Amino acid sequence: MSPSHDDATHFADDRLDLEAAAHGDAAAFDALYRRHVTVVYRHAYSLLGTRREAEEIAQDVFVTLWGKIASVRIVDRSLLPWLLTTSRYLCLNRRRALARNNARLHVDGLTALPPDSMSVEDRVRNRALREAIDDALAELSDEDYTVYLLCIEEGLTYQQASLAMGVSHGAVRNRLARLRAGLRIALGATRDQS
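Residue indices follow the written sequence of each chain, beginning from 1 at its first position. Owing to the predicted nature of the model, reporting of local features is limited to residues with pLDDT of at least 70; listing and counting of side-chain atom pairs is limited to 80 or more, with chain, interface and lining totals taken over all residues. Side-chain numbers here rest on the full set of heavy atoms in the structure, without hydrogens or water.

In this section: the overall build of the protein chain. Scanning the protein chain from terminus to terminus reveals eight helices and zero strands. Under the scheme used here, helices are H or I runs from DSSP no shorter than 4 residues and strands are E runs no shorter than 2 residues, and both carry numbers assigned from the N terminus. In the protein chain, the order of α-helices and β-strands from amino to carboxyl end is α-α-α-α-α-α-α-α. Note on classification: 1.4 Å probe, protein chains only; a residue is buried when its accessible area is under 20% of the maximum for its type, exposed when over 50%, partly exposed between these limits. Within the protein chain, buried positions represent 34% of all 194 residues. Working rule for contacts: check all heavy atoms of both residues, and any pair within 4.5 Å makes them a contact. Contacts spanning at least 24 positions in sequence make up 65% of the contacts within the protein chain whose residues lie at least 6 apart. Element-wise, carbon and sulfur atoms account for 53% of the exposed surface of the protein chain, whose accessible area totals about 11900 Å². Accessible surface area values rest on a Shrake-Rupley calculation with a 1.4 Å probe, where residue burial reflects the displayed protein chains alone.

Below is the structure:
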């Protein structure tokens, strides 16, 4: 069995494929790509909301990996935290660029917006909450952010997340419990302010 063998009940150790890919093994790089591209795409889609942008980000993540492959260091046995952190930064940069571009497009005149049933006060509250969530997520370690994405955003079970990350079921459960408690505290402060 090759080191890149994927199986629903066994974790494939990314370190083996990463090392082989760093030495020019295209099949090992392809195995890493196939193993993780779906999660990277879904993560980018959750942050950007369009298929085209998510596909571009997923591609950019793996282009970045290829360019930095000799210097990439992974925690435990999974490359996923590194990939998702890279995806997060690329998505944030893309959102900033899109916002700048949209601002430039609308400088010369007012753009008619469709009527919104949400009150201004509710929109302000929602924006503040979204910013608080984004700020809290930005403070997470790569591993905690990966647990958040896999269990909260993707809806994976602890067992599925543990296999994807190469850690124990208990490690995922404990990280998620600490993460939820921290997010409650961070978001509770935002609610108290509004």
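Okay, the nonpolar core next. Formed by 39 residues in total, the largest nonpolar core has its most connected members in Leu-18, Val-40, Phe-62, Leu-65, Leu-79, Leu-83 and Tyr-148. Counting only elements with at least two residues in this core, the list comes to helix 1 (14–22), helix 2 (26–48), helix 3 (51–68), helix 4 (80–105), helix 5 (120–138), helix 6 (142–153), helix 7 (158–165) and helix 8 (169–193). Apart from the residues within four sequence positions on either side, Leu-83 is in contact with His-36, Val-40, Val-61, Phe-62 and Leu-65. The nonpolar core is taken to be a set of buried Ala, Val, Leu, Ile, Met, Phe, Trp, Tyr and Cys residues, with the residues joined through side-chain atoms within 4.5 Å.

Turning our attention to helix 3. By this rule the span expected of a helix is its residue count minus one, scaled by 1.5 Å. Over its 18 residues, helix 3 runs 26 Å from end to end, which matches the ideal 26 Å to within 8%, given 1.5 Å per residue. Burial in helix 3 covers these residues: Glu-53, Ala-54, Ile-57, Ala-58, Val-61, Phe-62 and Leu-65. Down the axis of helix 3, the buried set is contained in an arc of 165 degrees. They therefore lie on one face. Facing away from the buried side of helix 3 by over 90 degrees, the exposed positions are Arg-52, Gln-59, Val-63 and Gly-67. The arc in question is the one traced by the directions running from the helix axis out to the C-beta atoms.

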